[in-house]
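What the coordinates show
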Amino acid sequence: MESAAAVDVVIIGGGIVGTVLAKALAEKVSPANSAGLSVTLIDAADPEQTSKSLVDFNPFTDTRVIALARRTVEELSHMGLNLDDVAKQHNGELPPQIKHIEVSDKGHLGLLNLQSSDYHIDAFGQVVSLSALTRLAAGATSSYQYIAPAKVTNVKQQSNFVEVQLDNGQLLTTKLLVLADGGRSGLADQVGISKTVNDYHQTAIVFNVHTQLPHENRAYERFTQNGPLAFLPFDSEIDDIKASGNGFSVVWTVDTDAAKSLMALNQRAFIKALQEGFGYRQGKVLRVSELASYPLALTKAQQVASHRTVVVGNAAQALHPIAGQGFNLGLRDLSTLVSVLQASAEKHGEHNSYEEKSDTIASANFDAGAFSITQHYANSRKNDRDNTIALTDTLVRAFSNQYFPTVIGRNVSLLALSMMPQAKKAFVKHTTGYGETPLRKRDNNAAC
């Protein structure tokens with residue numbers, strides 16, 4: 001076994017949340033007389049893998065698509081990640097913006113239309129593939145240590161540091177351990193962070209389509225008898241044909257048994273079922289990519305901080321995709337942690353000079369894993385997490401339910417929302433990421 005290497009922060013999980021966090025901490029948190037925190041990012045995925053997939057968890061090949069809320073886009077930009085740079089990976093093609101959102105309930109009167117220009121903003125957000133965003137973040141800096149592929153075999157919390165043992169024999173010690181592993185590793189249990197899981201008994205079917213009509217930066221949320229359908233503008237290649245402004249990424253949420261039946265259909269029958277659910281607002285569906293699916297549940301860490309440890313992103317909470325809030329909430333975990341560490345480092349720097357690094361721990365003077373820091377992070381995340389999780393869970397139960405009184409209630413709500421400008425403004429503010437939070441009570445620069 002190698003001797004222990006000491007760093008300020010170890011991040012486990014090299015997906016987009018972990019990668020952006022590593023860059024931000026290494027570049028933006030600078031205790032006095034220091035270039036920045038020493039940060040190590042550990043990931044189990046092989047960065048040399050090149051085959052793209054909708055179903056694996058390799059962040060560099062995961063072709064799933066996410067909608068980034070307006071605030072998320074702005075915060076990524078503040079961290080040095082401009083989405084316009086994604087165009088360099090796609091022959092100059094920019095990630096599509098979402099300028100118009102239509103929410104409807106098939107067979108009922110409920111209808112809500114939102115236009116970004118009505119709120120004096122250019123777009124509600126942008127759509128990007130996870131792999132493109134991860135590559136952008138990973139290629140933007142070399143200011144942290146990256147270890148991959150490597151798996152963490154054991155974590156041990158000591159009084160003044162945390163030991164992290166890797167399957168390659170390496171042993172690290174860190175002042176602050178950040179779990180950004182999506183909750184798949186089971187490491188949260190080792191550090192005393194328990195989770196609750198609420199199975200929705202639903203499955204998300206994920207795929208791309210080309211439609212007869214151009215998307216014109218429109219996104220759709222369509223509630224059907226089989227479950228919610230989300231269409232996000234995104235031009236992909238299907239059967240060697242590249243969409244040209246007429247592509248969408250689709251998430252179709254259905255009961256698990258129904259998902260099995262839909263997945264078993266041939267392409268023609270699947271397109272017919274999709275067309276029946278979505279309608280012809282985009283004309284005919286011309287092509288459908290390969291299908292992927294994953295089960296849906298609400299997974300929530302009971303606490304986001306333990307001794308010298310915090311959880312972020314899907315390791316803290318995994319949400320239903322119905323409102324597209326999961327990644328955006330996870331990035332707010334990240335930005336909050338960065339803000340808390342920045343403030344603590346600045347305060348520390350006012351009264352202390354940075355000492356030389358010791359042999360056992362990276363920065364003996366500034367303690368990135370101090371109780372005051374981890375608890376400040378936990379307290380700061382509480383309201384935003386609770387509100388967003390409650391909103392998403394309520395939408396799941398209201399719009400995945402065909403019980404007649406519930407159907408009537410949700411359609412009345414959609415109609416009322418469409419006719420109440422202040423209610424729509426509040427809804428837009430929350431879904432674009434500008435709801436009230438402890439660290440950011442109100443963004444007065446948000447036009448909506």
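Residues numbered from 1 in each chain as written. Predicted model: local features only at pLDDT ≥ 70, side-chain atom pairs only at ≥ 80, totals over all residues. Heavy atoms only, no water.

**Digging into the overall build of the protein**
Secondary structure summary: the protein contains 10 helices and 22 strands in total. Counting every position in the protein, which comprises 448 residues, the buried fraction comes to 54%. Long-range contacts, defined here as pairs at least 24 residues apart, represent 73% of the contacts in the protein between residues at least 6 apart. Of the accessible surface of the protein, which amounts to about 19,500 Å², a share of 49% is contributed by carbon and sulfur atoms. (Helix = DSSP H or I, 4+ residues; strand = E, 2+ residues; numbered from the N terminus. Buried < 20%, exposed > 50% of the residue type's maximum accessible area, 1.4 Å probe, protein only. Contact = heavy atoms within 4.5 Å. Areas by Shrake-Rupley, 256 points an atom, 1.4 Å probe, with all protein chains shown as cover.)

**Looking at the confidence of the model for the protein**
On average, residues of the protein carry a pLDDT of 84, and 80% of them reach 70 or more. In this model, residues 353-364 is a region of pLDDT below 50 whose contacts with residues beyond four sequence positions or in other chains number 30 contacts. Confidence drops under a pLDDT of 50 for residues 436-448, and excluding neighbours within four residues, the segment shows 33 contacts in the predicted structure. (pLDDT = per-residue confidence, 0-100.)

**Quick look at the packing of aromatic side chains**
Under the counting rule described, the total for this entry stands at seven aromatic pairs. Ring plane angle 5° and centroid distance 3.8 Å describe the contact between Phe 231 and Phe 278, whose orientation is recorded as stacked. Here Phe 278 lies in helix 6 (residues 267-278) and Phe 231 lies in strand 14 (residues 227-233), a separation of 47 residues in the sequence. Here Phe 231 and Phe 278 have matching classes, each one buried. In textbook terms, an aromatic cluster arises when at least three aromatic residues are bridged by ring pairs, as seen for Tyr 220, Phe 231, Phe 248 and Phe 278. (Phe/Tyr/Trp six-rings, centres within 6.5 Å; stacked < 30°, edge-to-face > 60°.)

**Overview of the pattern of salt bridges**
Summed over the entire model, instances satisfying the criterion amount to 11 salt bridges. Its salt-bridge partner being Arg 381, residue Asp 333 comes within 2.6 Å of it at the nearest N-O pair. Pair noted here: Asp 333 is in helix 7 (residues 326-351) and Arg 381 is in helix 8 (residues 371-399), with a separation of 48 residues, a long-range link. The buried category is assigned to Asp 333, whose relative accessible area is 0%. Across the pair Arg 381 and Asp 384 runs a salt bridge whose closest N-O atoms are separated by 3.0 Å. Of this pair, Arg 381 and Asp 384 are both found in helix 8, three residues apart, which corresponds to roughly one turn of the helix. For Arg 381, a relative accessible area of 1% corresponds to the buried category. (Salt bridge = Lys/Arg side-chain N within 4 Å of Asp/Glu carboxyl O.)

**Describing the sheet that holds strand 4 (residues 97-98)**
Strand order in the open sheet formed by three strands is 3-7-4, and the pairing between neighbours is antiparallel. For this open sheet the edge positions go to strand 3 (65-69) and strand 4, each flanked by a neighbour on one side alone. Bridge count for strand 4 against strand 7 (residues 125-129) is two bridges, and the pairing is antiparallel. The residue bridging Gln 97 from the neighbouring strand is Gln 126, located in strand 7. Across the face of the sheet, helix 2 (residues 70-78) comes into contact with strand 3 and strand 7 while running at roughly 85° to strand 3. Packing against the sheet, helix 3 (residues 130-138) makes contact with strand 3 and strand 7, and its axis sits at approximately 90° to strand 7. (Pairing = 2+ DSSP bridges. Axes fitted to C-alpha atoms, helices over the stretch in contact; angles between N-to-C directions.)

**Considerations on the side chain of His 215**
With respect to the helices and strands, His 215 occurs in the loop between strand 12 (195-211) and strand 13 (218-224). Those residues within four positions of His 215 in sequence are excluded, and the remaining contacts are Pro 233, Phe 234, Asp 235, Gly 245, Asn 246, Gly 247, Phe 248 and Gln 282.

**Considerations on the nonpolar core**
Judged by nonpolar contacts, the single largest core of 72 residues is most densely connected at Ile 11, Leu 133 and Val 164. Filtering out sequence-adjacent residues up to four positions away, Ile 11 remains in contact with Gly 18, Leu 21, Ala 22, Leu 25, Val 39, Thr 40, Leu 41, Ile 42, Val 178 and Ala 180. Judged by nonpolar contacts, the second largest core, of 24 residues, contains Val 65, Tyr 119, Ala 219 and Phe 234. (Core = buried A, V, L, I, M, F, W, Y, C linked by side-chain atoms within 4.5 Å.)

**Concerning the environment of Gln 342**
The topology assignment puts Gln 342 in helix 7. Residue classification places Gln 342 among the partly exposed residues on the basis of a relative accessible area of 24%. Counting along the chain gives 313 residues from Gln 342 to Val 29, while the straight-line C-alpha distance between them is 5.0 Å. Contact partners of Gln 342, with chain neighbours within four places excluded, come to Lys 28 and Val 29.

**Describing the environment of Ala 44**
Tracing the backbone through its elements, the reader meets Ala 44 in the loop between strand 2 (39-42) and strand 3. C-alpha separation for the pair Ala 44 and Asp 181, spaced 137 residues apart in sequence, amounts to 9.3 Å. Excluding residues that lie within four positions of it along the chain, Ala 44 makes contacts with Pro 149, Ala 150 and Lys 151.

**Observations concerning helix 2**
Among the residues making up helix 2, those that are buried are Arg 70, Arg 71, Thr 72, Val 73, Glu 75 and Leu 76. The first or second residue beyond helix 2 is Gly 80, which carries a positive phi of 90°.

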